[in-house]
Amino acid sequence: TYSLWDGTANVGIVCTSNDGGATWTEKSSGDSRNWYGVASSGDGKKLAAIANNGYIYTSSDAGETWTARTSAGLRYWRYITSSNDGTRLIAVHGEGYIYTSSDSGVTWNQQATAGIHEWRAVAGSGDLSKIAVVAHSGYAGSIYLANREPPVIDTFNLTTLSGAAQSATSPAITGAQISITSETCYTLDESSIATLGGVASATPEANVDILGGVAFDISCVTPGGSSVVDIALDAQYADDGTLRAYKGVGSGVNTVLTDITNQVSFVNKQVSGTTKTVLSYQLADGGDFDEDSTANGTIVDPIYIGLVNDASLAATGTNIWLLVLAATALVGGSSFTLHKLTRKR
Ligand SMILES: [Ca+2]
């Protein structure tokens, strides 16, 4: 038997178990709460807990550390459930709407179509594409079923840009295709789309040629939303370890670049029947990569792409990349500095 409550009214703790419930460990969220529900990803790493007359709390390290997610408000939370991968969450409270998150609880969307009810519990399929929610009789009890709308994809071919908007010179950039996928931020503002050239100096690595940049704004239906971006270069690079991604501040030759390669992926895959190198990353309105730095319904994203021009490095890039990964795992916080040093050998 286990004591999950410490005996004091309105004070609770969170406990987790790694062995199917044989032994339990108390986890602190910073201070005790009147917990009402908890949900977990399939691997047990991503947890989300709700407090009565409190906030939603999330953990991405199996309950070691917790973050209060205040954007959904201080409410009489009653139930929370998680998708298998831990990215999607649905939470309900005792006097209002259903709340959903598609980014592991960082941002929340109010779902008003089912109305205001005294919600009690939620169940769903593994990806939470199908859900069932039950309401207590206080506001007319009933069972509600919902199917999640698939994410919206918006695509733009940079070859269709007018000359004035086409400042890059590398065909890999000028012939690229932007594709964004999201349920909340899925509209490319076509008047904002341009390719960027003219970055003549100040690359973080001496042996990197900047192929050019791509600038575009994304409109969101919900402020604070996020979008997955794929930029399919009009080229196929055999070794994705020779590609770099940068954020740029400023313009033209005064642009200051910051290496964000470790926060994106370069993958060769089929795009419209041709294998191309695709740069993929995630943008969030108000997140680190949003140039206006505010959750205002618009994501502003210039990104630059670089190519290591050292032929000997390119030929062995894959092996060096693995060494960098191994070294990074050892040194943790010093990884950025080591990245650059290792690659320059
Ligand atoms: Ca913004």
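The rules behind these values
- Residues numbered from 1 in each chain as written.
- Predicted model: local features only at pLDDT ≥ 70, side-chain atom pairs only at ≥ 80, totals over all residues.
- Heavy atoms only, no water.
- Pairing = 2+ DSSP bridges.
- Helix = DSSP H or I, 4+ residues; strand = E, 2+ residues; numbered from the N terminus.
- Phe/Tyr/Trp six-rings, centres within 6.5 Å; stacked < 30°, edge-to-face > 60°.
- Buried < 20%, exposed > 50% of the residue type's maximum accessible area, 1.4 Å probe, protein only.
- Donors = N, O, S within 2.8 Å, 3.2 Å for Na, K, Ca; no water.
- 1 Å grid on protein atoms, 1.4 Å probe; cavity = no way out; pocket = protein on both sides within 12 Å on 5 of 7 lines; lining within 4 Å.
- Points joined across faces, edges and corners; volume = space filled by probe spheres on them.
- Nonpolar A, V, L, I, M, F, W, Y, C, P; charged D, E, K, R; others polar.
- Domains from an automatic or database assignment.
- Disulfide = S-S within 2.5 Å.
- pLDDT = per-residue confidence, 0-100.
- Contact = heavy atoms within 4.5 Å.
- Salt bridge = Lys/Arg side-chain N within 4 Å of Asp/Glu carboxyl O.

A.B. asks: An account of the pairing of strand β7 (residues 75-82) is needed here, citing residue identities and associated values.
C.D. replies: Note: strand β4 (residues 47-54) against β7, two bridges, orientation antiparallel. Paired with G54 across the two strands is R75, which belongs to β7. Bridge count between β7 and strand β8 (residues 89-93): five bridges; the pairing is antiparallel. From the neighbouring strand, W77 faces β8, where its bridge partner is H93. A loop of six residues connects β7 with β8, the two strands running antiparallel in sequence, and G86 in this loop sits at a positive phi of about 80°.

A.B. asks: Hey, could you go over the packing of aromatic side chains for me, with residue numbers and the actual values?
C.D. replies: The final tally for this structure, using the stated rule, is four aromatic pairs. Ring geometry for W35 against W66: centres 6.4 Å apart, planes inclined by 40°, an arrangement best described as tilted. Of this pair, W35 sits in strand β3 (residues 35-40) while W66 sits in the loop between β5 (56-59) and β6 (67-69), and the two are 31 residues apart along the sequence. Accessibility classification places W35 together with W66 in one group, the buried group. Taken together, a centroid distance of 5.2 Å and an interplanar angle of 75° make the contact between W119 and Y144 edge-to-face. With W119 in strand β11 (residues 119-124) and Y144 in strand β13 (residues 142-147), this residue pair connects regions lying 25 residues apart in the sequence.

A.B. asks: Kindly report on the coordination of the calcium ion, identifying the contributing residues and their values.
C.D. replies: Of the protein atoms, only D285 (OD), D290 (OD), D292 (OD), D292 (OD), T294 (O), N296 (OD1) and T298 (O) coordinate the calcium ion, at distances of 2.2 to 2.8 Å. Sequence positions of the residues that donate to the calcium ion give the spacing D-x4-D-x1-D-x1-T-x1-N-x1-T. Residue N296 is classed as partly exposed on the basis of its relative accessible area, which comes to 41%.

A.B. asks: Please give an account of empty space enclosed by the protein that cites residues and values.
C.D. replies: Taken as a whole and judged by the stated rule, the model has two cavities of 30 Å³ or more. Estimates place the volume of the second largest cavity at around 40 Å³. Forming the walls of the second largest cavity are S101, S102, D103, T107, N109, T184, G225 and S226. Here the residues of the lining of the second largest cavity are counted per class, giving no nonpolar, seven polar and one charged. In this structure, the lining of the second largest cavity is formed jointly by two domains, domain 1 (14-147) and domain 2 (152-308), each of which donates at least three residues.

A.B. asks: Describe the state of the cysteines, with residues and values.
C.D. replies: Applying the stated criterion to the full structure yields one disulfide. One disulfide bridge connects C185 with C220, the sulfur atoms lying 2.1 Å from each other. Linking C185 and C220, the disulfide has an S-S dihedral of approximately 105° and is accordingly described as right-handed. Here C220 lies in strand β17 (residues 208-220) and C185 lies in strand β16 (residues 185-196), a separation of 35 residues in the sequence.

A.B. asks: Can you explain the environment of G44? Please cite residues and give values.
C.D. replies: Structurally, the position occupied by G44 is in the loop between β3 and β4. It is 9.4 Å that separates the C-alpha atoms of G44 and T16, two residues lying 28 residues apart in sequence.

A.B. asks: Please give an account of the confidence of the model for the protein that cites residues and values.
C.D. replies: Any residue range with low pLDDT should be treated as having predicted coordinates unsuitable for detailed reading. Scored by pLDDT, the protein comes out at a mean of 82, with 82% of its residues at no less than 70. Between residues 1-11, whose pLDDT stays under 50, and residues either more than four places distant or in other chains, the model counts 15 contacts. With pLDDT under 50 throughout, residues 311-345 is counted as low confidence; its partners more than four residues away or in other chains account for 24 contacts.

A.B. asks: I'd like a description of the pattern of salt bridges, backed by residues and values.
C.D. replies: A complete count under the given rule lists six salt bridges for this structure. Residue R244 is joined to E205 by a salt bridge in which the shortest nitrogen-to-oxygen separation is 2.6 Å. Taken together, the residues R244 in strand β19 (residues 243-249) and E205 in the loop between β16 and β17 connect sequence positions 39 residues apart. This pair shows no difference in class: R244 is buried, exactly as E205 is. Across the pair K276 and D234 runs a salt bridge whose closest N-O atoms are separated by 3.2 Å. Residue K276 is found in strand β22 (residues 274-284), and its partner D234 is found in the loop between β18 (226-232) and β19; the two are separated by 42 residues along the sequence. Members of the salt-bridge network, linked through shared partners, are K247, E291 and D301.

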